[in-house]
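# Examining the three-dimensional arrangement
So you can see what is in the structure, the chains are spelled out below.
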Amino acid sequence: MGVGGCLALPWRCLVVLCLRLLFLVPAGVPVRSGDATFPKAMDNVTVRQGESATLRCSVDNRVTRVAWLNRSSILYAGNDKWCLDPRVVLLANTKTQYSIQIQDVDVYDEGPYTCSVQTDNHPKTSRVHLIVQVSPKIIEISSDISINEGGNVSLTCIATGRPDPTITWRHISPKAVGFISEDEYLEITGITREQSGEYECSASNDVSAPVVQRVKVTVNYPPYISDAKSTGVPVGQKGILLCEASAVPSADFQWYKDDKRLAEGQKGLKVENKPFFSRLTFFNVSEQDYGNYTCVASNRLGNTNASMILYGPGAVHDGNNGAWRRSGCAWLLLLPLAHLARHF
């Protein structure tokens, strides 16, 4: 509903008022451009939701009666208020101007308003259209999502506003450049780990500052060992073997010497596991500590391993032993075979 709504009056008064209305604002003659002899209302009025809209109608000394109407409802007739809406007030009723104001404008106030005047000859009308602009508002957006690498992602961002807002998506990443979508929907096919992170939806229509919301996309992938190097340490010194791995979810680490798993708390050793690396510390290296060590990184999507050597001064070793290799679980099956081979 708009700003209409006439006062309820006793039926006799209502009859009198209706007769006055028929005299004051009959069908009238719409104003045409070029009718310079007729006082005109202002052009279309555009305001933002919540602001005040002022409707002005220029008049002269030929005018005997004036009124403002909203569609079929009378708002003001002369100085008399005919509507119940407290937001509608009379600003001016002078020999040159007849103006009203609609305060705290809302979208239902949008539409045509008519200034009707009675002259010595006959009534005429002039119309103005009130346009209400509304700031953008995001009413629906996808929730945070977790997906395995290689899967497909569909993100949605729905917004309202007047005029209709423009919606854009962008990836919040140092490597991302510009917008990746100018639509309500963002489709990512075969997502990679580099495409994980936050995606920002922005809705704008120049009525106010854009509104933004973000969706977090987590891409899960199996462990990848990025650093595992052999280390040379003299007997009696402290030695460290480091195994770094990236994975989502974070990797679990295990250490093996030959076919034997090393446990936390083992005498002279310390295993320190963090989300992205594992550190094997030898507090007092002995001859028995020298040899080949294997780091295994695993999560629910898979596993990988890397071998490295703890060696003493002057030992000959393959500098490439620290290089990692992907092998799944198959290499673990070889450990019992190696153990059996020692007995033959």
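Each chain carries its own residue numbering, running from 1 in the direction its sequence is written. Residues qualify for local features only when their pLDDT is at least 70, as the model is predicted, and side-chain atom pairs are given and counted only at 80 or more; totals for whole chains, interfaces and linings, by contrast, use all residues. The side-chain values count all of the structure's non-hydrogen atoms but skip hydrogen atoms and water molecules.

## Considerations on the overall build of the chain
Along its length, the chain carries two helices and 25 strands. Accessible area is worked out with a 1.4 Å probe on protein chains only. A residue is then buried under 20% of its type maximum, exposed over 50%, and partly exposed in between. Counting every position in the chain, which comprises 344 residues, the buried fraction comes to 39%. What makes two residues a contact is simply this: any of their non-hydrogen atoms within 4.5 Å. Look at the contacts in the chain between residues 6 or more apart in sequence, and 63% of them connect residues 24 or more apart. With the model as given, the accessible surface of the chain reaches about 19200 Å², and the carbon-plus-sulfur share is 53%. Only DSSP runs of H or I covering at least 4 residues are called helices, and only runs of E covering at least 2 are called strands; the numbering of each starts at the N terminus. In short, Shrake-Rupley with a 1.4 Å probe defines the accessible areas, and a residue's cover is counted only from the protein chains shown.

## Describing the pattern of salt bridges
Salt bridges are defined as contacts in which a side-chain nitrogen from Lys or Arg sits within 4 Å of a carboxyl oxygen from Asp or Glu. This model, assessed by the stated rule, comprises nine salt bridges. Where Asp85 meets Arg87, a salt bridge forms, and the shortest distance between an N and an O atom there is 2.8 Å. Here the salt bridges share partners, and the residues they tie into one network are Arg170, Glu198, Glu200 and Arg214.

## Things to note about the sheet that holds strand E8 (residues 97-102)
Think of it this way: DSSP has to see at least two bridges between two strands before they count as a pair. The strand order across the open sheet built from three strands is E3-E8-E7, with neighbouring strands paired in antiparallel fashion. This sheet does not close on itself; its edge strands, each paired only once, are strand E3 (53-58) and strand E7 (88-93). Shown here is a sheet whose adjacent strand axes are inclined to one another by a mean of 15 degrees, direction ignored. In the sheet, E7 pairs with E8 via five bridges, with the strands oriented antiparallel. Within E8, the position partnered with Leu90 by the bridge is Ile100. The axes used here are C-alpha line fits, helices contributing only the stretch in contact, and every angle between their N-to-C directions lies in the interval 0 to 180 degrees.

## Some details on the confidence of the model for the chain
Low-pLDDT portions of the prediction should not be read for the details of their coordinates. pLDDT runs from 0 to 100 and stands for how confident the predictor is about each residue. Per-residue pLDDT for the chain averages 82, and the proportion of residues at 70 or more is 78%. In the model, residues 6-36 has pLDDT below 50 throughout and makes 42 contacts with residues more than four positions away in sequence or in other chains. Across residues 319-344, confidence stays below pLDDT 50; counting only partners more than four residues off in sequence or on other chains, it has 35 contacts.

## Details of the environment of Pro223
In this fold, Pro223 is placed in strand E16 (residues 211-228). Separated by 28 residues in the primary sequence, Pro223 and Ala251 have C-alpha atoms spaced 6.2 Å apart.

## Concerning the side chain of His171
Looking at where His171 falls in the secondary structure, it is placed in strand E13 (residues 166-172). By the criterion applied in these results, polar contacts are pairs of N or O atoms within 3.5 Å in which, for protein atoms, one can donate a hydrogen and the other can accept it, and in which residues neighboring in sequence qualify only through two side-chain atoms. A polar contact of 2.9 Å, which involves the side chain of His171, links it to the backbone oxygen of Ser196.

## As for unusual backbone geometry
Backbone torsion omega between Arg162 and Pro163 reads -5 degrees, so that peptide bond is classified as cis. Here Pro163 lies in the loop between strand E12 (153-162) and E13. Between Val248 and Pro249 the backbone carries a cis peptide bond, its omega angle lying at -5 degrees. In this structure, Pro249 sits in the loop between strand E18 (239-248) and strand E19 (252-257). Even without being a glycine, Asp104 presents a positive backbone phi close to 50 degrees. Within the secondary structure, Asp104 is located in the loop between E8 and strand E9 (111-119). At Asp258, a position not held by glycine, the phi torsion is positive, near 55 degrees. Of the residues examined, Asp258 reaches a relative accessible area of 36% and is grouped as partly exposed.

## Quick word on the packing of aromatic side chains
Aromatic rings from Phe, Tyr and Trp, with only the six-membered ring used for Trp, were paired whenever their centres fell within 6.5 Å, and each pair was classed as stacked if the ring planes differed by under 30 degrees, edge-to-face if by over 60, and tilted otherwise. Applying the stated rule across the entire model yields one aromatic pair. Aromatic side chains Phe282 and Tyr293 sit 5.3 Å apart centroid to centroid with 70 degrees between the ring planes, which places their arrangement in the edge-to-face category. Of the two residues, Phe282 is situated in strand E22 (residues 277-282) and Tyr293 in strand E23 (residues 291-299); the sequence distance between them amounts to eleven residues. For the residue pair Phe282 and Tyr293, the accessibility class agrees, reading buried in each case. Whether a charge sits over a ring comes down to the Lys NZ or Arg CZ being within 6 Å of the ring centre and within 35 degrees of the ring normal. Looking at Arg193, its charged tip hangs above the ring of Tyr221, at a distance of 3.9 Å from the centre.

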